[in-house]
Amino acid sequence: MKKNILLFGLAFVGGFTYERYFPYVKAFISDKGQKNDDHSFKSMLEQGNYIQPKVIDIMHSSPDKHFLHNFIAQHNEALNVFKIYYPDKLEQKIYSDNLESEDKIHLHFVFNAADHLQGHSSIVHGGLLATLIDNAFGQLSYLASGQIPTATANLNINYRKPVKTNHDYMITAEIDKIEGRKVFLKATIYDQDKTICTEATGLFLTVQWGGQMWKNALDKIKEVTQIDDKIVKIDQKKKE
Ligand SMILES: CCCCCCCC(=O)SCCNC(=O)CCNC(=O)[C@H](O)C(C)(C)COP(=O)(O)OP(=O)(O)OC[C@H]1O[C@@H](n2cnc3c(N)ncnc32)[C@H](O)[C@@H]1OP(=O)(O)O
């Protein structure tokens, strides 16, 4: 009888641990979020002090569902390249509760959309571009406001030139200014020749939504492993 209770207890604890931690471990060791490593902007980005924050990939492939990553980025036939580059100092904000605002905080998303994401033939659907920009703004405002979740209050997009499928593009998103709860952002999508294809501005407001969920996700990730060791640092000097 005692043995059965012990076994039941072990099964319960095991199941709880598996349920709580395993998806994060799985996401952590998975390469799905990082996709193809080669793209046209790589050498340009290697000049700067950028890192690819695995932590964001983990959060997005985590069981705390996120539609862009669960239905698009993780889909084998959707994005040929999908990589996020943060300035080194911005990553530090993930680990601190530093709430100070910082001008011109930015990030780069490099993407290459497969034909499955076309609207017109060989042209990337504008809704996808809006989604990518919205998400870049969401991540940036979340980090810039000291891990306080934000929501899109306003998003304006000018589609200047068609974005083609199976070509590399880069979204550069930056914080324009922060005024209290309001985070003003702007973004540009460039092609390989640095031609501007899309421009956007956005207003994000800090909200009380899911803050604990995001904090829990970060805490769990920190518990399962030492993130810093795993972050891929782009260090030009090492290669020289
Ligand atoms: C890392 C993960 C990335 C994920 C990114 C995903 C982003 C999203 O998809 S979020 C989902 C889509 N967005 C939404 O559903 C938001 C819906 N809107 C709302 O819930 C509310 O309007 C909300 C929360 C934005 C603002 O409401 P509330 O908190 O009551 O603020 P409110 O008092 O109305 O406004 C605060 C200030 O912002 C201003 N403001 C609010 N909305 C706007 C707007 N659209 N344009 C300009 N100013 C605005 C107000 O004028 C006010 O300014 P001030 O303080 O100077 O008087």
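Each remark here, short or long, concerns the structure printed above.
Everything quoted here is computed from the prediction, not taken from an experiment. (Residues numbered from 1 in each chain as written. Predicted model: local features only at pLDDT ≥ 70, side-chain atom pairs only at ≥ 80, totals over all residues. Heavy atoms only, no water.)

Caption draft 1: Quick look at the overall build of the chain. When you go through the chain residue by residue, the secondary structure sums to nine helices and eight strands. Put simply, the chain has 240 residues, and 45% of those count as buried. With an accessible surface of roughly 12,900 Å², the chain has 53% of that area assigned to carbon and sulfur atoms. (Helix = DSSP H or I, 4+ residues; strand = E, 2+ residues; numbered from the N terminus. Buried < 20%, exposed > 50% of the residue type's maximum accessible area, 1.4 Å probe, protein only. Areas by Shrake-Rupley, 256 points an atom, 1.4 Å probe, with all protein chains shown as cover.)

Caption draft 2: Structural detail: the site of the ligand. With respect to spatial proximity, 15 residues lie near the ligand, and among them T152, A153, R181, K182 and L203 are the closest. Separating an oxygen atom of the ligand from a side-chain N or O atom of R181 is a distance of 2.6 Å. In the complex, 46% of the free accessible area of the ligand, which totals 1,200 Å², lies under the protein chains. If you list the elements that add at least two residues to the shell around the ligand, you get α6 (126-144), β4 (150-159) and β7 (196-206). (Near = heavy atom within 4 Å. Polar contact = N/O pair within 3.5 Å; in protein donor to acceptor, adjacent residues only side chain to side chain.)

Caption draft 3: Spotlight on the pattern of salt bridges. Tallied over the entire structure, the rule returns four salt bridges. Between K42 and D38 there is a salt bridge, with the nearest N and O atoms lying 3.7 Å from each other. D38 gets classed as exposed once you look at its relative accessible area, which sits at 53%. Across the salt bridge formed by K177 and E179, the nearest N and O atoms sit 3.5 Å from each other. Given the relative accessible area of 37%, K177 is considered partly exposed. (Salt bridge = Lys/Arg side-chain N within 4 Å of Asp/Glu carboxyl O.)

Caption draft 4: Quick peek at the pairing of β7. With nine bridges connecting them, β4 and β7 associate as antiparallel partners. Residue pairing for β7: T152 is matched across the bridge by F204. Pairing of strand β6 (residues 182-190) with β7 involves nine bridges; the strand directions are antiparallel. Bridge pairing in β7 links L185 to G202. The turn joining β6 and β7, which pair antiparallel and follow one another in sequence, is formed by five residues; a positive phi near 65° is taken by K194. (Pairing = 2+ DSSP bridges.)

Caption draft 5: Representation of the nonpolar core. If you look at the biggest cluster of nonpolar residues, it comprises 38 residues, and the most contacted ones within it are L79, F82, F111, F137, V163, I171 and I189. Counting only elements with at least two residues in this core, the list comes to α4 (67-73), β2 (79-87), β3 (106-113), α6, β5 (169-179), β6 and β7. When residues in this core are grouped by element, the largest group, 10 residues, is from α6. Ignoring sequence-local partners within four residues, the contact set of V163 consists of F111, S122, I123, V124, L129, Y169, I189, C197 and T198. F41, Y50, V81 and V110 belong to the second largest nonpolar core, which has seven residues in total. (Core = buried A, V, L, I, M, F, W, Y, C linked by side-chain atoms within 4.5 Å. Contact = heavy atoms within 4.5 Å.)

Caption draft 6: Local environment of the environment of K83. When you line up the elements, K83 lands in strand β2. Residue K83 is classed as buried on the basis of its relative accessible area, which comes to 2%. Residues K83 and P149, spaced 66 residues apart in sequence, show a C-alpha to C-alpha distance of 22 Å.

Caption draft 7: Fine view of a nonpolar patch on the surface. A cluster of nonpolar side chains, namely L6, L7 and L10, defines an oily patch on the protein surface of about 330 Å² accessible area. Residue placement: L7 occurs in helix α1 (residues 2-29). (Patch = residues over 30% accessible without salt bridge, like charges linked within 9 Å, V, L, I, M, F, W, Y side chains within 5 Å.)

Caption draft 8: Spatial organisation of the pairing of β5. The pairing of β3 with β5 spans six bridges and is antiparallel. Paired with H108 across the two strands is T172, which belongs to β5. Looking at chain direction, β5 and β6 are connected through nine bridges and run antiparallel. Paired with K177 across the strands is F184, a residue of β6. Here β5 folds back onto β6 in antiparallel fashion, the turn holding two residues, of which G180 has a positive phi close to 60°.

Caption draft 9: Examining α6 more closely. Relative to the 27 Å expected for 19 residues at 1.5 Å per residue, α6 spans 27 Å between its end C-alpha atoms, a close match to the ideal helical length. Taking burial as the measure, the 19 residues of α6 include 16 buried ones, the bulk of the element. Among the residues trailing α6, G146 stands out with phi positive, at a value near 75°. (Expected span 1.5 Å × (residues − 1).)

Keep in mind that these numbers describe shape and distance, not what the molecule does.
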